[in-house]
Amino acid sequence: MPAQGKHRRPKSTSLGRGLAAVTTGGAVLALPVIGASSAFAAPAPAAAPQAVAPAAVVAQANSAAKAAPAKHSVAAGETLSKIAREHSVSGGWKKLYEGNRKIVGSNPDLIHPGIKLVIGAKSAASSDDKASKASPAAARGASADRADRSERIDAAPVAKAAPAAEKEAVTYTNDLDGWIKESLAVMAEQGIPGTYEGIHRNIMRESSGNPAAINNWDSNAVKGTPSKGLLQVIDPTFQAYHVPGTSTDSYDPVANITAACNYAADRYGSIDNVFGAY
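This structure is a prediction, so every number in the text was calculated from the model and none was measured.

Whenever I open this one, the packing of helix H6 (residues 176-190) against helix H7 (residues 196-206) confuses me. Can you help?
To describe two helices that pack against each other, one gives the angle between their axes and the distance between the axes. Viewed as axis vectors pointing N to C, H6 and H7 meet at an angle of 130 degrees, and their least axial separation amounts to 10 Å. Regarding the angle of H6 to H7, the classification is oblique. Considering the relative orientation of H6 and H7, their crossing is right-handed. Along the contact surface, H6 presents Leu176, Asp177, Ile180, Lys181, Leu184 and Met187, while H7 presents Tyr196, Ile199, His200, Ile203 and Met204. Split into classes, the residues belonging to the contact of H6 with H7 amount to eight nonpolar, one polar and two charged.

Shown next, in the form of structure tokens:
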């Protein structure tokens, strides 16, 4: 066996950064060497965030782009119908013509090459026409509404004044009270003054309320004109002061009272002023 020799433990060295000589044509290059145990991959640089436009903004931009009116230069042989189809004009050639009436003129079948048509724009003339048409319509509507209200008001039945209540037929009792009251009603119509009390007082003195009473003994009776009835009226006086509408019979209670009161009004101002023979 070979002689046992001493062996030195190899010194462990960490893989570190050293220099390796590389000969290239006599030139020595010092290159860094990275130890495997300490090598790390360098992080890739973060990509710059891309700005993302909100969907609403994009939609709005697209809408604006679509809404923006375009222009079309008319070429020889083109018609409004053809141009409307090419540009997908909603409403066809009529809509295209309405938007370009001032440019095209009064005849939509006659368009001249080279004129510029606006595609997708509302015609100011059309808007004006609508406004001008709307105003008279609104005015007519308002006028019609006012006329309609007037007609309704005029047609509304006018409340007629209620006819005056017919005078109720008044019935009077067939007695002294009823005769006096009926006489007073006739006197009121004829404007003859007198009161219930004045009439009643004189009746009780002259006849005691007997309509058939007659005086055959006084001077009038001697002359052949006896006093008759409730208020003892002679025939000449009764006939002279008879009130139309009453009986011509001097014994009739109402006719007798009314004629006597008419006479008393003429002589004394009222039957109320009579307190004795009259």
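Looking at this model, I keep getting lost on the packing of aromatic side chains. Mind explaining?
Aromatic ring pairs are defined here through the distance separating the ring centres and the angle between the ring planes. Enumeration over the complete set of coordinates arrives at two aromatic pairs. Pairing tyrosine 241 with tyrosine 263 gives two aromatic rings, centres 5.3 Å apart and planes at 70 degrees, and the pair type is edge-to-face. Placement of tyrosine 241 in the loop between helix H9 (235-240) and helix H10 (253-268) and of tyrosine 263 in helix H10 is noted, with a sequence separation of 22 residues between them. Their ring planes at 35 degrees and their centres at 6.0 Å tell us that tyrosine 263 and tyrosine 278 sit as a pair that is tilted. Taken together, the residues tyrosine 263 in helix H10 and tyrosine 278 in the segment after H10 connect sequence positions 15 residues apart. Take tyrosine 263: its relative accessible area is 12%, and that puts it in the buried class. Taken together, Tyr241, Tyr263 and Tyr278 form an aromatic cluster joined through their ring pairs.

Would you mind going over the nonpolar core with me for this structure?
Generally speaking, soluble globular proteins have nonpolar side chains that are buried together. Formed by 21 residues in total, the largest nonpolar core has its most connected members in Ile199, Ile203, Ile257 and Cys261. Elements with a minimum of two residues in this core: H6, H7 and H10. Look past the residues within four positions of cysteine 261 in its chain and what remains in contact with it is Met187, Ile192, Ile199 and Ile271. The next biggest cluster of nonpolar side chains, apart from the first, holds 12 residues, and it includes Val74, Val89, Tyr97 and Ile115.

What counts, and at which threshold
- Residues numbered from 1 in each chain as written.
- Predicted model: local features only at pLDDT ≥ 70, side-chain atom pairs only at ≥ 80, totals over all residues.
- Heavy atoms only, no water.
- Axes fitted to C-alpha atoms, helices over the stretch in contact; angles between N-to-C directions.
- Helix = DSSP H or I, 4+ residues; strand = E, 2+ residues; numbered from the N terminus.
- Parallel < 35°, antiparallel > 145°, perpendicular 65-115°, else oblique.
- Left-handed = near helix turned anticlockwise from the far one by under 90°.
- Contact = heavy atoms within 4.5 Å.
- Nonpolar A, V, L, I, M, F, W, Y, C, P; charged D, E, K, R; others polar.
- Phe/Tyr/Trp six-rings, centres within 6.5 Å; stacked < 30°, edge-to-face > 60°.
- Buried < 20%, exposed > 50% of the residue type's maximum accessible area, 1.4 Å probe, protein only.
- Core = buried A, V, L, I, M, F, W, Y, C linked by side-chain atoms within 4.5 Å.

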